[in-house]
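One letter stands for each residue in the lines below.
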Amino acid sequence: MNFTVSSSQLSSRLQVISRVLNSKNPVYILDCILFELQGNTLTLTASDPDNTFNTSFEVVECSEDFTFAISAKILIDSLKEISEQPVRFEVNKDTLEVTIYYLNGKYSLVAHNGDEYPAPAVLGENAVKISAGASVLSGGISRSLFASAADDDVRRMMSGIYFDFTPECITLVASDGHKLVRFRDYSVEGAEKSAFILPKKPATLLKNILGKDEQEEVSIEFDGRFVIFVLGEYKLVSRLYDGRYPNYNSVIPQNNPHKLTVDRAAFISALRRVAIFSSQASLIKLHLENNKIVISAQDTDFSTSAEENITCNYEGASMNIGFRASFLIDILSNMPGQDAIIELADPSRAGVIVPADQEEKQELLMLLMPMMLTE
């Protein structure tokens, strides 16, 4: 069995799907890439115990259909050293010996039986199917992924992104208990109310292949166990988290009479400068009064401190409130637009942060819990 393929095309596709592979796997076959040849179509598949990532494209001079698996590391590392050129695979179906011919040489290795590779997940009859723009998903995941909790067993559901579909819109939510992001897009409509929690790893994989083309569509199909994303020539199948996501709307303060509008980039720069002088807790204090923010921090252990004033548009009573600097910088850095609006109720309640100019058909809201000030 033999076929010919472009070295750069094969290498680039392998680079993308191999990101799903774990450094350590329970079975050796998961260290491999599955090759499936049907006609002139080659499908490459990489998997870990919870996710399957594959891509399909055309090859030439394919002699027959066949399935085999090759060590991902050996294959990827060897192809990276070859410039763009046709490479020819010759596979002995009886011994599984593989010879890869390129312009000035050849590689020889032994493949594994493709039948040992885990079968792909199959969705149930109750699966829901929705279509969404690639740019919508890209924006939603990019804006929210940073706010998800670290991977641990205690808050397992919080370490993913919550996809909430209604007849009116799609909502993506991520939270670690300190910060929360809620991204809504009203151009995507669900036929019925449905939802799932996508773990962080497949969310990151999806983010890496999503483009900014507003015309490009992503097919999303899911049941209670798995979700399948199809984008062009890529397909990602992921196991979903079980359980119910917390009621995210209930933690968002509704009455916030104190409101400030500030230049986002200038605020981030000032926060970074002042935070250098904060203690390990990264606490910074904001004093709000008379269209001015006074940003201050100190580290009593090393007798260091810093203070900086920046102008803003502030409507409300004089207030002191504390935030973790790194969290506030993360939120502002993942927000679009020139100006950010921060809405506050009092120093003990979460601050609601939104862009001054929302993008068309979108609504982005971020929330940050305050830190207690000692004075």
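Residue indices follow the written sequence of each chain, beginning from 1 at its first position. Two thresholds apply to this predicted model, a pLDDT of at least 70 for residue-level local features and 80 or more for giving and counting side-chain atom pairs, whereas whole-chain, interface and lining totals are computed over all residues. Working from all heavy atoms in the structure, the side-chain values ignore hydrogens and water.

Before we go on, may I ask you to explain the overall build of the protein chain in this structure?
Across its full length, the protein chain holds six helices and 26 strands. Overall size of the protein chain, expressed as C-alpha extent along the three principal axes, is 80 × 50 × 35 Å. Here the term buried applies to any residue with accessible area under 20% of the maximum for its type, exposed to any over 50%, and partly exposed to those in between, with areas from a 1.4 Å probe on protein chains only. Within the span of the protein chain, comprising 375 residues, buried residues form 51% of the whole. When contacts within the protein chain are restricted to residue pairs at least 6 apart in sequence, those whose partners lie at least 24 apart make up 67%. Carbon and sulfur atoms make up 46% of the accessible area of the protein chain, which totals about 18,000 Å². Within this scheme the basic residues Lys and Arg register as positive and the acidic residues Asp and Glu register as negative, but His and the chain ends are omitted. Charge placement uses NZ in Lys and CZ in Arg. For Asp and Glu, CG and CD serve respectively. Mean positive and mean negative side-chain charge positions of the protein chain (33 and 50 charges, respectively) differ by 4 Å. For the purposes of this entry, the term helix denotes a DSSP run of H or I that reaches at least four residues, the term strand denotes a run of E that reaches at least two, and both are numbered from the N terminus. Contacts are residue-level and defined by heavy atoms, with any inter-residue pair within 4.5 Å sufficient. Here the open area of atoms and residues is found with the Shrake-Rupley method and a 1.4 Å probe, where only the protein chains shown may cover a residue.

Is there a simple way to explain the nonpolar core in this structure?
In globular proteins that are soluble, nonpolar side chains generally tend to be buried together. Residues enter a nonpolar core if they are buried and are Ala, Val, Leu, Ile, Met, Phe, Trp, Tyr or Cys, with the set joined through side-chain atoms within 4.5 Å. With 104 residues, the main nonpolar core has Phe3, Phe35, Phe89, Phe267 and Leu286 as its most contacted residues. Sequence-distant contacts of Phe3, that is, excluding residues within four places in its chain, are made with Phe35, Leu37, Leu42, Val59, Val60, Glu61, Cys62, Phe68, Val87, Arg88 and Phe89.

Is there a simple way to think about the side chain of Ser278 in this case?
With respect to the helices, strands and loops of the structure, Ser278 is situated in the loop between helix H5 (264-275) and strand E19 (283-289). For Ser278, a relative accessible area of 8% puts it in the buried group. Reaching out from Ser278, the side chain makes a polar contact with the backbone oxygen of Leu283 at a distance of 2.8 Å. Excluding residues within four positions of it along the chain, Ser278 makes contact with Leu283, Ala297, Gln298 and Asp299. Identification of polar contacts relies on pairs of N or O atoms within 3.5 Å, with a donor-acceptor requirement for protein atoms, meaning one able to donate a hydrogen and the other able to accept it, and with residues adjacent in sequence counted only if both atoms are side-chain atoms.

I keep staring at the sheet that holds strand E13 (residues 179-185) and nothing clicks. Help me out?
Each strand in a sheet pairs with its neighbour through backbone hydrogen bonds, running either in the same direction (parallel) or in the opposite one (antiparallel). Spatially, E14-E11-E12-E13-E26-E25-E24-E18-E22 is the arrangement adopted by the nine strands of the open sheet, whose pairing is antiparallel. What marks the edges here is a single partner per strand, and that holds for strand E14 (194-199) and strand E22 (313-315). Taking the axes of each pair of neighbouring strands and ignoring which way they run, one obtains an average angle of 15 degrees across the sheet. In this scheme, strands are said to pair when DSSP sees at least two bridges between them. In the sheet, strand E11 (residues 160-165) pairs with strand E12 (residues 170-175) via four bridges, with the strands oriented antiparallel. Each axis is a line fitted through C-alpha atoms, and for a helix only the stretch in contact is used; angles between axes span 0 to 180 degrees, taken between their N-to-C directions.

Before we go on, may I ask you to explain the packing of aromatic side chains in this structure?
In summary, the pairing rule links any two rings of Phe, Tyr or Trp, Trp by its six-membered ring, whose centres are within 6.5 Å, and it sorts them by plane angle into stacked for under 30 degrees, edge-to-face for over 60 and tilted for everything else. Counted by the stated rule, this structure contains 14 aromatic pairs. Both rings, one in Tyr102 and one in Tyr107, keep their centres 5.0 Å apart while their planes meet at 40 degrees; by these two values the pair is tilted. Tyr102 gets classed as partly exposed once you look at its relative accessible area, which sits at 25%. Between Phe196 and Phe222, the aromatic rings sit 4.7 Å apart at their centres with planes inclined by 55 degrees, giving tilted as the arrangement. Of this pair, Phe196 sits in strand E14 while Phe222 sits in strand E15 (residues 217-222), and the two are 26 residues apart along the sequence. Taken as a pair, Phe196 and Phe222 share a single burial class, namely buried. What links up through ring pairs into an aromatic cluster is the set Phe3, Phe35, Phe66, Phe68 and Phe89. Put simply, a charge is over a ring when the Lys NZ or the Arg CZ is close to the ring centre, within 6 Å, and near the line of the ring normal, within 35 degrees. When the ring centre of Phe327 is taken as reference, the NZ or CZ atom of Lys179 above it lies at 3.9 Å. Of note, Arg324 hangs over the ring of Phe327, and the distance from its end group to the ring centre comes to 5.2 Å.

Just checking my understanding: could you explain the packing of helix H1 (residues 7-17) against helix H2 (residues 72-80) for this structure?
When two helices pack together, their arrangement is captured by the angle between the axes and the distance separating the axes. Direction vectors running N to C along H1 and H2 enclose 135 degrees, while the axes themselves pass 10 Å from each other. Classed by the angle they form, the pair H1 and H2 counts as oblique. Note that H1 runs across H2; the crossing there is left-handed. For the pair formed by H1 and H2, the contact residues are Leu10, Ser11, Leu14 and Gln15 on the first element and Leu75, Ile76, Leu79 and Lys80 on the second. Of the residues contributing to the contact of H1 with H2, the split by class is five nonpolar, two polar and one charged. Angular relationships are summarised with four words: roughly parallel below 35 degrees, roughly antiparallel beyond 145, roughly perpendicular across 65 to 115, and oblique for the angles in between. Helix crossings fall into two classes, left-handed where the near helix is turned counterclockwise from the far one by less than a right angle and right-handed where it is turned clockwise. When residues are sorted by character, Ala, Val, Leu, Ile, Met, Phe, Trp, Tyr, Cys and Pro go into the nonpolar class, Asp, Glu, Lys and Arg into the charged class, and all the rest, Gly among them, into the polar class.

Sorry, what's going on with the sheet that holds strand E17 (residues 234-239) here?
Pairing within the open sheet is antiparallel, and its nine strands lie in the order E9-E5-E2-E3-E4-E17-E16-E15-E10. Only two strands of the sheet have a single partner each, and these edge strands are strand E9 (112-113) and strand E10 (128-133). Taken together, the six bridges between strand E16 (residues 226-231) and E17 define a ladder with antiparallel strand orientation. Bridge pairing links Phe229 to Leu236 in E17. Together, strand E2 (32-38), strand E3 (41-47), strand E4 (51-58) and E17 form the strand contacts of H1, whose direction differs from that of E4 by roughly 165 degrees. Sitting on the sheet, H2 is in contact with E2 and strand E5 (66-71), with an inclination near 80 degrees to E5.

Help me understand H5, please; the structure alone is not making it clear to me.
In an α-helix, one full turn covers 3.6 residues, which means residues spaced three or four apart are oriented alike. For a helix, the expected span equals 1.5 Å multiplied by the residue count minus one. An ideal rise of 1.5 Å per residue puts 16 Å on twelve residues; H5 measures up with 16 Å between its terminal C-alpha atoms. Between the side-chain oxygen at the start of H5 and the backbone nitrogen of Ala265 there is a gap of 3.3 Å, and the oxygen is on Asp263.

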